[in-house]
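Remarks on the overall topology
In case you want the letters, here they are:
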Amino acid sequence: MYSTKTPTLRIDEADLKCKNGCGFYGNAEWEGYCSKCYREYLQKQRSQTECNVYGQVYDLASSNKNNVQISAHQKYEEKKVQQEKKYKLLNISFRKPVTKVQGYQELLYELTKDNSDLEKVKADNRDLIAMIAKTPVERDVRKCMHSFIIEILQNKDVKRIEELSEITQNFYQVFAKRLENSAKYADITPEVKEKLLDYVERYAMTLLYRILFCPPFTNDEEKDLAIQKRIRQLNWVSGKNLECRIHETSSEVRELVYTSITDLLNMDSAKAPQEKLSCVIYCCRNIFLMLQQSVGGPASADEFLPALIFIVLKANPARLKSNINFITRFCNASRLMTGEGGYYFTNLCCAVSFIENLTAESLNMDEKDFNAYMSGERVPANTWESALMICESLHLMCEDITLLDEMKAKTTEIMTEALNLKEKMLQFQEEMKSEVNTVLDRTPLLITHSQRLPTNLDCEDIESYQLPPPIIPQVCPTTINNSTPQNDMRTSLIEDCITPSPTFDFPSFIGDDSFDVSKAEDETSLISLDTQSDFDTQQDKSTNELLVSTHLNLPCSTESEQEDYHGFTVQGSNIPTIPCSTGDLSLNTTEMDCENYTSYFHNT
Amino acid sequence: MNRVDLKVVLLGNAAVGKTSLVERFVNERFNESLSYQNTIGAAFAAKQMQVNGKRLIMGIWDTAGSEKYDAMSRIYYRGAKAAIICYDIIKSNTFQRAKFWIRELRTVEEGCKIYICATKNDILKHGAVPSPDINVVETYAAGIQAKFFITSSKTGENVAELFNEIAQDFMSDPNNVQKVEEVIDISNESKGTYCCQ
Ligand SMILES: Nc1nc2c(ncn2[C@@H]2O[C@H](COP(=O)(O)OP(=O)(O)O)[C@@H](O)[C@H]2O)c(=O)[nH]1
Ligand SMILES: [Mg+2]
């Protein structure tokens, strides 16, 4: 609606009317249509391709069914066309609503967070913000701006850049009218309203800069490179070629030339469209000053445009087309249509257009000479011209230096981060160590308790251990009758029973051979009777072989072992307490438990 | 908004007196030796005007007259509500060029009103003969529905009248008034969808 009512300042090579003949402007990017007709055209095309694809599929299916003979070649062609169309369809619908709609909140957060440019905008408008702080005005401004930003974020992948531009321009208009008509803004002076309008534009555009400047779904970048290359080719063009009167010998004039070049180069680093525009304004004002020095009077458009072309050629600003497009699309159109900024910006667009379409004729020179210069065969003799030629390279170098500086800063940052990480890792290690140590101190591993465990392995019954030797009296009567040596033997037997096996200290658990021995013994003791029978038959063999044979016979004993193990898992709830509270366990140990322990060791 | 911006483009050959015309209108002066020392540039000028009690800022855009910039001149017209096409009252070649611009404007910028301006009227007093004849230009202007003014920047004759006429025409044009109203419509309608979600 907006674009049809107020003509915007869209500049392009082909500024022709819409192909549809609707009376509005067409655009090369819209295939010669105006925005409205192009959308209709796109829609029509889309539905057509869709129809075609479906038709084709249907055709193929029916032809297959009827087994109509189609030559292989024909089939191939058909398939190719179909594939192409499918591809086209895919291509067209690529940026349709498939994109995530949820992500914009995070995106907004990401864009707002740590945005120094945004902070700068806020700082620059501190007075204004303070003035409206905590009033309904502030709330309303915030609300309007937020809904606009969200709308852009939601549509950024779905809509074309021209449509985003339209949304933006529409927002500016609506907001301006709101300032004018809404009761909320009744107490505010026109000057403050102006400032508010400017602030809203500045803030929103700075925030959305990453999304709207040279977006990947346009060919802005291509055009940037093309114009940059073109200007580089034209670096031999002098002021004389352009018929602009620049007093080269005056140092003041030269100084002003350099200043205006710098001003123009600054445009790329500015964010908000009006900031970019003011770079253009500064540049042009300096050109006028320069011309005044050169001409000896106020310059008019006849002198100004050639001079501006000269400056653009010598500056070769970075991303020139992207910047121009960004201003055209997102700068408040009322600013671009009128006012000094609009005038200078239009001249800049003209200069760029002139450079793009420049021929030998427009420089009043011979075709042959022109080509010689363009191909680089000839270079200008004038030293200042050469100096200006170097100017661009110098600026490029400056850019590179800043890039390198940034990279250096990043590397040092990474280095410090790495060192930090290293320190943290060491610290972590230390902390871990001390923590483990404190835990160890708090809960010492009492190994002495587990001493009973191996002891248990040895004795079948723990109570038999505590029993007074009741068997001895049975032996006694015989010994009384017999000699004393037997008595001695009896005492030694008692000693054997009472003395706990010294071999079974904890260390033996870990790596001592004695454990292995016990293990071997356990194995044999565990193995069912049939192994025992084996034992009997192979009595004369060495112990080593014995062990081997028992191992060989293990398969037949695994069944029983597994059963044991089964029991172990069933009673598993008791088991985990073993390592910590072996002392308690020893009190209510049963034979069953003992067996389970042994099987436990087997399985581990 | 109380303020309306109006863009006026100046077209015409070099040295027909465009800059002088603006200078006369904006600063009310004329300097034959081309030394308007106080102004930096005379390419763009803005002047505040009062029409029917409404404040209006007229932005006057001077253009480079050289033929090599013809291809870009349409960039200048864009959004202009009025164009002053100047020609030197005694130089018929400048009038031929004026006709070229008129054709361009008619095809490219329909909403732009055309004002033909014959400059340097004062020199006729010194015995110069207008070329082409004033009658020819008048007929031509009537044929294309353009207004015709004969001015002199040196004496100031008809200069203010020309610009006042432009401002009056702009304000009386229902299209421009309508535009303002429509914008209000948009804001009313979209208040619901836009700002009070
Ligand atoms: N006698 C006379 N000379 C004029 C008038 N207007 C402009 N000139 C002269 O014409 C020359 C060109 O004027 P200028 O304004 O620079 O033309 P421009 O190139 O179209 O901007 C200057 O020498 C002016 O003094 C006029 O109304 N009367
Ligand atoms: Mg001039």
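Residues numbered from 1 in each chain as written. Chains lettered and ligands numbered in written order. Predicted model: local features only at pLDDT ≥ 70, side-chain atom pairs only at ≥ 80, totals over all residues. Heavy atoms only, no water.

**Observations regarding the site of ligand 1**
Within the structure, ligand 1 sits among 17 residues, and Ala 15, Thr 19, Ser 20, Asp 122 and Ser 153 of chain B are positioned closest to it. Nearby residues place ligand 1 at the junction of chains A and B. Asp 122 of chain B has a polar side-chain atom sitting 2.7 Å from a nitrogen atom of ligand 1. When residues in the shell around ligand 1 are grouped by element, the largest group, three residues, is from helix 1 (residues 18–27) of chain B. A per-class count over the shell around ligand 1 returns five nonpolar, six polar and six charged. (Near = heavy atom within 4 Å. Polar contact = N/O pair within 3.5 Å; in protein donor to acceptor, adjacent residues only side chain to side chain. Helix = DSSP H or I, 4+ residues; strand = E, 2+ residues; numbered from the N terminus. Nonpolar A, V, L, I, M, F, W, Y, C, P; charged D, E, K, R; others polar.)

**Overview of the coordination of the magnesium ion (ligand 2)**
Surrounding the magnesium ion (ligand 2) are the protein donor atoms Ser 300 of chain A (OG) and Thr 19 of chain B (OG1), which sit 1.9 to 2.8 Å from the metal. Of the two residues, Ser 300 of chain A is situated in the loop between helix 12 (273–295) and helix 13 (301–315) and Thr 19 of chain B in helix 1; the pairing between them involves two chains. Here Ser 300 of chain A matches Thr 19 of chain B in class, with each residue buried. (Donors = N, O, S within 2.8 Å, 3.2 Å for Na, K, Ca; no water. Buried < 20%, exposed > 50% of the residue type's maximum accessible area, 1.4 Å probe, protein only.)

**A word on the environment of Val 312 of chain A**
Residue and element names in this part refer to chain A. Along the chain, Val 312 falls in helix 13. Measuring from C-alpha to C-alpha, the distance between Val 312 and Leu 265 comes to 9.3 Å, with 47 residues separating the pair along the chain. When sequence neighbours within four positions are dropped, the list of residues in contact with Val 312 reads Ile 231, Leu 264, Pro 317, Leu 320, Leu 348, Ala 351 and Ile 355. (Contact = heavy atoms within 4.5 Å.)

**Structural notes on helix 9 (residues 190–212) of chain A**
All names here are of chain A. Along its length, helix 9 reaches its greatest deviation from straightness, about 40 degrees, at Thr 206. Buried residues dominate helix 9, accounting for 18 of its 23 residues. The positive-phi residue at the C-terminal boundary of helix 9 is Cys 214, with phi of around 45 degrees. (Bend = angle between axes of the 7 residues up to and from the residue.)

**As for the pairing of strand 2 (residues 44–51) of chain B**
Residues and elements named next belong to chain B. Across eight bridges, the pairing between strand 2 and strand 3 (residues 54–61) is antiparallel. Counted as the bridge partner of Ala 46 is Gly 59 from strand 3. Linkage of strand 2 to strand 3, two consecutive antiparallel strands, is achieved through a turn of two residues, within which Asn 52 is found at a positive phi near 50 degrees. (Pairing = 2+ DSSP bridges.)

**Some details on unusual backbone geometry**
What you tend to see is this: most non-glycine residues have negative phi, and most peptide bonds are trans. That bond from Ser 131 of chain B to Pro 132 of chain B is cis: its omega, -5 degrees, falls within 30 degrees of zero. Tracing the backbone shows Pro 132 of chain B in the loop between strand 5 (113–119) and helix 4 (134–143). Phi at Glu 243 of chain A takes a positive value of approximately 60 degrees, unusual for a residue other than glycine. Mapped onto the elements of the fold, Glu 243 of chain A is located in the loop between helix 10 (220–233) and helix 11 (251–266).

**Digging into helix 10 of chain A**
Along an α-helix, residues three or four positions apart point the same way, because every turn accommodates 3.6 residues. Residue and element names in this part refer to chain A. The end-to-end C-alpha distance of helix 10 is 20 Å, a good match for the 20 Å that 14 residues give at a rise of 1.5 Å each. All of the buried residues along helix 10 are Asp 220, Lys 223, Asp 224, Ile 227, Arg 230 and Ile 231. An end-on view of helix 10 places all buried positions within 135 degrees of arc, on one side of the element. Across helix 10 from its buried face, at more than 90 degrees, point the exposed residues Glu 221, Glu 222, Leu 225 and Lys 229. (Expected span 1.5 Å × (residues − 1). Arc of directions from axis to C-beta.)

**Details of the pairing of strand 6 (residues 147–150) of chain B**
Residues and elements named next belong to chain B. In this structure, strand 5 lies alongside strand 6, joined through four bridges in parallel fashion. Counted as the bridge partner of Ala 118 is Ile 150 from strand 6. Where the polypeptide runs from strand 5 across helix 4 and back to strand 6, its parallel neighbour, the crossover connection is right-handed. (Right-handed = clockwise from strand over helix to strand, strands pointing away.)

**What about the confidence of the model for chain A?**
Residue and element names in this part refer to chain A. When pLDDT is averaged along chain A, the result is 71, and 56% of the positions lie at 70 or above. Mean pLDDT across the secondary structure elements of chain A bottoms out at helix 1 (residues 2–5), with 39, and peaks at helix 14 (residues 320–330), with 94. Under a pLDDT of 50 for its full length, residues 49–99 has, in the predicted model, 30 contacts with residues more than four places off or in other chains. Predicted confidence for residues 494–564 stays below pLDDT 50, and this span has 43 contacts to residues more than four positions away or in other chains. (pLDDT = per-residue confidence, 0-100.)

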